[in-house]
Amino acid sequence: NAGVTQTPKFQVLKTGQSMTLQCAQDMNHNSMYWYRQDPGMGLRLIYYSASEGTTDKGEVPNGYNVSRLNKREFSLRLESAAPSQTSVYFCASGVSPGANVLTFGAGSRLTVL
Amino acid sequence: AQTVTQSQPEMSVQEAETVTLSCTYDTSESDYYLFWYKQPPSRQMILVIRQEAYKQQNATENRFSVNFQKAAKSFSLKISDSQLGDAAMYFCAYCYNTDKLIFGTGTRLQVFP
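It should be emphasised that the depicted structure is a prediction, and the values quoted were computed from it without experimental measurement.

Concerning unusual backbone geometry
Link 1 in the chain: The omega torsion of the bond from Thr7 of chain A to Pro8 of chain A falls at -5 degrees, within 30 degrees of zero and hence cis.
Link 2 in the chain: Mapped onto the elements, Pro8 of chain A comes out in the loop between strand S1 (4-7) and strand S2 (10-13).
Link 3 in the chain: Backbone geometry at Ala16 of chain B places phi at a positive 80 degrees, although glycine is not the residue there.
Link 4 in the chain: Relative to the helices and strands, Ala16 of chain B resides in the loop between strand S2 (10-14) and strand S3 (19-21).
Link 5 in the chain: Even without being glycine, Asn62 of chain B reaches a positive phi, approximately 55 degrees.

Printed below as a string of C-alpha coordinates:
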(Lines give C-alpha, C1' and ligand atoms only; values in the text may rest on other atoms or scores of the structure.)
Protein backbone atom coordinates (compact mmCIF):
# COMPACT_ATOMS: atom_id res chain seq x y z
CA ASN A 1 0.00 0.00 0.00
CA ALA A 2 1.22 3.46 -0.87
CA GLY A 3 2.02 5.68 2.06
CA VAL A 4 4.57 6.48 4.73
CA THR A 5 6.41 3.60 6.39
CA GLN A 6 8.23 3.99 9.70
CA THR A 7 10.56 1.50 11.35
CA PRO A 8 10.79 0.31 14.04
CA LYS A 9 7.29 0.53 15.50
CA PHE A 10 8.55 0.00 19.05
CA GLN A 11 11.98 0.42 20.63
CA VAL A 12 13.35 0.42 24.17
CA LEU A 13 16.71 2.08 24.77
CA LYS A 14 18.93 2.71 27.75
CA THR A 15 20.06 6.24 28.53
CA GLY A 16 23.06 7.14 26.38
CA GLN A 17 22.38 4.63 23.62
CA SER A 18 21.93 5.78 20.05
CA MET A 19 19.40 4.77 17.44
CA THR A 20 17.92 5.80 14.11
CA LEU A 21 14.27 5.94 13.19
CA GLN A 22 13.71 5.25 9.51
CA CYS A 23 11.00 6.75 7.35
CA ALA A 24 10.22 6.09 3.70
CA GLN A 25 7.43 7.33 1.44
CA ASP A 26 6.47 6.03 -1.98
CA MET A 27 4.20 8.87 -3.09
CA ASN A 28 6.91 10.95 -4.76
CA HIS A 29 6.39 13.68 -2.16
CA ASN A 30 8.93 16.47 -1.90
CA SER A 31 8.63 17.47 1.75
CA MET A 32 9.06 15.25 4.79
CA TYR A 33 8.68 15.87 8.53
CA TRP A 34 9.41 14.36 11.93
CA TYR A 35 7.05 15.06 14.83
CA ARG A 36 6.96 13.84 18.40
CA GLN A 37 3.79 13.31 20.40
CA ASP A 38 3.75 13.55 24.17
CA PRO A 39 0.72 13.24 26.47
CA GLY A 40 -1.12 16.54 26.82
CA MET A 41 1.12 18.34 24.32
CA GLY A 42 -0.12 17.37 20.89
CA LEU A 43 2.40 16.89 18.09
CA ARG A 44 5.50 19.06 17.91
CA LEU A 45 7.77 19.44 14.90
CA ILE A 46 11.35 18.22 15.40
CA TYR A 47 12.87 18.63 11.92
CA TYR A 48 11.65 18.90 8.39
CA SER A 49 12.96 18.66 4.85
CA ALA A 50 11.28 20.85 2.25
CA SER A 51 13.03 19.02 -0.58
CA GLU A 52 15.76 16.49 -1.22
CA GLY A 53 19.06 17.84 0.07
CA THR A 54 17.63 20.34 2.55
CA THR A 55 16.78 20.03 6.23
CA ASP A 56 15.66 22.60 8.81
CA LYS A 57 14.97 22.69 12.52
CA GLY A 58 11.47 22.69 13.87
CA GLU A 59 10.17 23.54 17.31
CA VAL A 60 12.07 20.92 19.36
CA PRO A 61 15.29 19.90 17.53
CA ASN A 62 17.67 19.53 20.49
CA GLY A 63 19.07 16.02 20.88
CA TYR A 64 18.19 14.95 17.34
CA ASN A 65 19.78 14.86 13.91
CA VAL A 66 18.20 14.08 10.57
CA SER A 67 19.29 12.93 7.13
CA ARG A 68 17.34 13.26 3.91
CA LEU A 69 18.99 10.29 2.25
CA ASN A 70 17.11 10.69 -1.02
CA LYS A 71 13.65 11.81 -2.09
CA ARG A 72 12.00 8.79 -0.49
CA GLU A 73 13.80 8.52 2.84
CA PHE A 74 14.14 10.79 5.87
CA SER A 75 15.79 9.40 9.00
CA LEU A 76 15.83 10.71 12.58
CA ARG A 77 18.82 9.92 14.79
CA LEU A 78 19.16 10.09 18.55
CA GLU A 79 22.91 10.20 19.28
CA SER A 80 22.66 9.83 23.07
CA ALA A 81 19.15 8.99 24.15
CA ALA A 82 17.67 10.61 27.27
CA PRO A 83 14.51 9.71 29.23
CA SER A 84 13.01 13.04 28.06
CA GLN A 85 13.03 11.62 24.54
CA THR A 86 10.54 8.92 25.50
CA SER A 87 7.70 9.66 23.09
CA VAL A 88 5.80 8.55 20.04
CA TYR A 89 7.46 9.72 16.84
CA PHE A 90 5.62 10.39 13.61
CA CYS A 91 7.02 10.84 10.16
CA ALA A 92 4.91 12.68 7.57
CA SER A 93 5.24 13.72 3.95
CA GLY A 94 3.65 16.32 1.71
CA VAL A 95 3.49 16.86 -2.04
CA SER A 96 5.35 20.14 -1.69
CA PRO A 97 5.64 22.94 0.83
CA GLY A 98 2.41 24.87 0.65
CA ALA A 99 0.29 21.99 -0.62
CA ASN A 100 -0.83 21.71 2.99
CA VAL A 101 -1.96 18.11 3.11
CA LEU A 102 0.30 15.71 4.97
CA THR A 103 0.28 11.92 5.02
CA PHE A 104 1.44 10.45 8.32
CA GLY A 105 3.16 7.19 9.15
CA ALA A 106 1.80 4.88 11.84
CA GLY A 107 4.17 6.14 14.52
CA SER A 108 7.12 4.71 16.44
CA ARG A 109 6.92 4.35 20.22
CA LEU A 110 10.31 4.94 21.82
CA THR A 111 11.01 4.34 25.51
CA VAL A 112 14.29 5.47 27.06
CA LEU A 113 15.06 3.93 30.45
CA ALA B 1 4.11 33.12 17.32
CA GLN B 2 1.21 31.09 16.09
CA THR B 3 -0.58 28.97 18.67
CA VAL B 4 -3.51 26.56 18.61
CA THR B 5 -5.67 26.01 21.69
CA GLN B 6 -8.11 23.20 22.35
CA SER B 7 -9.75 23.92 25.69
CA GLN B 8 -11.71 20.67 25.97
CA PRO B 9 -9.43 17.78 27.01
CA GLU B 10 -12.36 15.34 26.88
CA MET B 11 -15.84 15.28 25.39
CA SER B 12 -18.53 12.63 25.23
CA VAL B 13 -21.56 12.11 23.04
CA GLN B 14 -24.36 9.61 22.68
CA GLU B 15 -24.45 7.60 19.49
CA ALA B 16 -26.51 9.35 16.75
CA GLU B 17 -26.24 12.70 18.55
CA THR B 18 -24.25 15.78 17.53
CA VAL B 19 -21.11 17.06 19.24
CA THR B 20 -18.96 20.14 18.69
CA LEU B 21 -15.25 20.31 19.43
CA SER B 22 -13.70 23.75 19.97
CA CYS B 23 -10.46 25.21 18.65
CA THR B 24 -9.04 28.71 18.76
CA TYR B 25 -5.81 29.92 17.23
CA ASP B 26 -3.64 32.97 17.20
CA THR B 27 -1.99 34.37 14.10
CA SER B 28 -1.24 37.69 12.47
CA GLU B 29 -1.50 36.20 8.99
CA SER B 30 -4.54 36.61 6.77
CA ASP B 31 -4.08 33.62 4.48
CA TYR B 32 -3.56 30.25 6.13
CA TYR B 33 -5.00 26.76 6.48
CA LEU B 34 -6.75 24.98 9.32
CA PHE B 35 -7.23 21.27 9.81
CA TRP B 36 -8.89 18.70 12.00
CA TYR B 37 -7.08 15.38 12.37
CA LYS B 38 -8.47 12.24 13.97
CA GLN B 39 -6.22 9.83 15.87
CA PRO B 40 -7.92 6.52 16.78
CA PRO B 41 -6.32 4.02 19.18
CA SER B 42 -4.27 2.68 16.26
CA ARG B 43 -2.30 5.99 16.46
CA GLN B 44 -2.74 6.68 12.76
CA MET B 45 -3.27 10.39 12.03
CA ILE B 46 -6.22 10.78 9.67
CA LEU B 47 -7.18 14.06 8.02
CA VAL B 48 -10.84 14.79 8.74
CA ILE B 49 -11.34 18.21 7.19
CA ARG B 50 -9.37 21.18 5.82
CA GLN B 51 -10.33 24.86 5.64
CA GLU B 52 -8.65 27.58 3.62
CA ALA B 53 -8.81 30.89 5.45
CA TYR B 54 -9.55 32.91 2.32
CA LYS B 55 -12.73 30.89 1.74
CA GLN B 56 -15.74 32.16 3.67
CA GLN B 57 -17.72 28.99 3.11
CA ASN B 58 -17.37 26.43 5.88
CA ALA B 59 -15.84 23.12 4.82
CA THR B 60 -17.97 19.97 5.00
CA GLU B 61 -17.08 16.29 4.67
CA ASN B 62 -20.09 14.02 5.06
CA ARG B 63 -21.02 14.07 8.78
CA PHE B 64 -18.16 16.44 9.64
CA SER B 65 -18.44 20.20 9.25
CA VAL B 66 -16.65 23.21 10.63
CA ASN B 67 -17.71 26.60 11.91
CA PHE B 68 -14.91 28.91 10.82
CA GLN B 69 -15.03 32.35 12.41
CA LYS B 70 -12.00 34.21 11.03
CA ALA B 71 -12.41 37.40 13.01
CA ALA B 72 -12.79 35.48 16.25
CA LYS B 73 -9.98 33.06 15.24
CA SER B 74 -12.22 30.13 16.01
CA PHE B 75 -12.46 26.82 14.15
CA SER B 76 -14.86 24.31 15.68
CA LEU B 77 -15.66 20.82 14.39
CA LYS B 78 -19.21 19.51 14.39
CA ILE B 79 -19.80 15.77 14.15
CA SER B 80 -23.37 14.87 13.28
CA ASP B 81 -25.02 11.48 13.77
CA SER B 82 -22.08 10.33 15.92
CA GLN B 83 -20.94 6.75 15.47
CA LEU B 84 -18.94 4.46 17.74
CA GLY B 85 -16.10 4.64 15.22
CA ASP B 86 -15.81 8.38 15.79
CA ALA B 87 -14.28 7.75 19.22
CA ALA B 88 -10.72 9.06 19.02
CA MET B 89 -8.40 11.94 19.82
CA TYR B 90 -9.11 14.95 17.63
CA PHE B 91 -6.40 17.50 16.90
CA CYS B 92 -6.88 20.96 15.49
CA ALA B 93 -3.92 22.23 13.44
CA TYR B 94 -2.80 25.39 11.66
CA CYS B 95 -0.29 26.15 8.97
CA TYR B 96 0.81 29.20 7.03
CA ASN B 97 2.75 29.19 3.78
CA THR B 98 4.39 25.81 4.38
CA ASP B 99 3.38 22.34 5.51
CA LYS B 100 4.70 22.89 9.03
CA LEU B 101 1.62 22.09 11.02
CA ILE B 102 1.13 23.55 14.48
CA PHE B 103 -1.11 21.29 16.55
CA GLY B 104 -3.36 21.84 19.52
CA THR B 105 -3.19 19.54 22.52
CA GLY B 106 -6.15 17.45 21.41
CA THR B 107 -9.65 16.52 22.58
CA ARG B 108 -10.49 12.94 23.47
CA LEU B 109 -13.98 12.08 22.20
CA GLN B 110 -15.92 9.22 23.74
CA VAL B 111 -19.03 7.89 22.03
CA PHE B 112 -21.57 6.00 24.14
CA PRO B 113 -24.11 3.57 22.68
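Quick word on the pairing of strand S10 (residues 88-95) of chain B
All names here are of chain B.
Link 1 in the chain: Among the eight residues that make up S10, eight are buried, leaving the element largely enclosed by the rest of the structure.
Link 2 in the chain: Here strand S5 (residues 33-39) pairs with S10 via seven bridges, running antiparallel. Bridging across to S10, Gln39 finds its partner in Met89.
Link 3 in the chain: In terms of strand pairing, S10 meets strand S12 (residues 107-112) through three bridges, oriented antiparallel. Bridging from a neighbouring strand, Tyr90 pairs with Thr107 of S12.

Things to note about the interface of chain B and chain A
A common way to express how large an interface is: the accessible area buried when the components associate.
Link 1 in the chain: Opposite the 20 residues of chain B that make contact, chain A presents 28 residues.
Link 2 in the chain: For the pair chain B and chain A, the number of links is zero salt bridges.
Link 3 in the chain: Where the side of chain B that touches chain A is concerned, the elements lending two or more residues are S5, strand S6 (46-52) and S10 of chain B.
Link 4 in the chain: When residues in the side of chain B that touches chain A are grouped by element, the largest group, four residues, is from S5 of chain B.
Link 5 in the chain: By residue class, the composition of the side of chain B that touches chain A is nine nonpolar, seven polar and four charged.

Parameters and conventions
Residues numbered from 1 in each chain as written. Chains lettered and ligands numbered in written order. Predicted model: local features only at pLDDT ≥ 70, side-chain atom pairs only at ≥ 80, totals over all residues. Heavy atoms only, no water. Helix = DSSP H or I, 4+ residues; strand = E, 2+ residues; numbered from the N terminus. Buried < 20%, exposed > 50% of the residue type's maximum accessible area, 1.4 Å probe, protein only. Pairing = 2+ DSSP bridges. Contact = heavy atoms within 4.5 Å. Salt bridge = Lys/Arg side-chain N within 4 Å of Asp/Glu carboxyl O. Nonpolar A, V, L, I, M, F, W, Y, C, P; charged D, E, K, R; others polar.

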